[in-house]
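# Results of the structural survey
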Amino acid sequence: MTQIAITEMGPRRFGVEIEEGDQRTGHLVTVPESVVDELGLVDLDEARLVRESVGFLLDREPSTSIGEELSLDELPQRYPDFYEELRARVTSG
């Protein structure tokens, strides 16, 4: 089972630790204002946004493929469905 720990490091910056079995990786994730604007969601919990973004990535690649530093505005270039999928993830449940 994959475990994801999120720690707020500062405004729009989060430390993320991913544990998959005996594999553990650490990442610094930045949430640019442009991503929040693109999603158009009011009162968005940025920690949840980071968790769901990491979940999105883990559905597509192993944690070892996620860079040590990641800005969420890079993801739509690699995954055109990122905003649509992320919007669905953060508005469900």
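That block above? That's the structure.
These remarks concern the structure in this document. No experiment lies behind these values; they were computed from the predicted model shown.

Secondary structure assignment for the chain yields four helices and four strands. Along the chain, helices and strands appear, N-terminal first, in the series β-β-β-α-α-β-α-α. Expected size for 93 residues packed as a compact globule is a radius of gyration near 12 Å; at 12 Å, the chain falls within 12% of this value. Seen along its three principal axes, the alpha-carbon backbone of the chain occupies a region of about 35 × 25 × 25 Å. Accessible area for the chain stands at about 5,400 Å²; split by element, carbon and sulfur atoms hold 44% of it. Seen as two clouds, the 9 positive and the 21 negative side-chain charges of the chain have centres 2 Å apart.

Before going further, it helps to spend a moment on the packing of aromatic side chains. Under the definition given, this model contains three aromatic pairs. Between the aromatic rings of F56 and F82, the centroid separation amounts to 5.2 Å while the plane-to-plane angle is 75 degrees, which identifies the pairing as edge-to-face. Of the two residues, F56 is situated in helix α2 (residues 46–58) and F82 in helix α4 (residues 82–91); the sequence distance between them amounts to 26 residues. We classify F56 as buried; its relative accessible area is 0%. Taken together, a centroid distance of 5.5 Å and an interplanar angle of 55 degrees make the contact between F82 and Y83 tilted.

The side chains of a regular strand alternate between the sheet's two faces. Pairing geometry for strand β1 (residues 2–10) and strand β2 (residues 13–20), over eight bridges, is antiparallel. Note that in β2 the partner of T2 across the bridge is E20. As consecutive antiparallel partners, β1 and β2 are separated by two residues, and within that stretch R12 has a phi angle of approximately 65 degrees, a positive value.

On to the side chain of H27. Note on placement: H27 falls in strand β3 (residues 23–30). The class for H27 is buried, based on a relative accessible area of 7%. From its side chain, H27 meets the backbone oxygen of G67 in a polar contact 2.8 Å long. Beyond its immediate chain neighbours, meaning those up to four positions away, H27 contacts F14, G15, V16, I18, S63, I66, G67 and E68.

Parameters and conventions
Residues numbered from 1 in each chain as written. Predicted model: local features only at pLDDT ≥ 70, side-chain atom pairs only at ≥ 80, totals over all residues. Heavy atoms only, no water. Helix = DSSP H or I, 4+ residues; strand = E, 2+ residues; numbered from the N terminus. Rg over C-alpha atoms; globule rule 2.2 N^0.38 Å. Areas by Shrake-Rupley, 256 points an atom, 1.4 Å probe, with all protein chains shown as cover. Lys, Arg positive; Asp, Glu negative; His and termini not counted. Charge placed at Lys NZ, Arg CZ, Asp CG, Glu CD. Phe/Tyr/Trp six-rings, centres within 6.5 Å; stacked < 30°, edge-to-face > 60°. Buried < 20%, exposed > 50% of the residue type's maximum accessible area, 1.4 Å probe, protein only. Pairing = 2+ DSSP bridges. Polar contact = N/O pair within 3.5 Å; in protein donor to acceptor, adjacent residues only side chain to side chain. Contact = heavy atoms within 4.5 Å.

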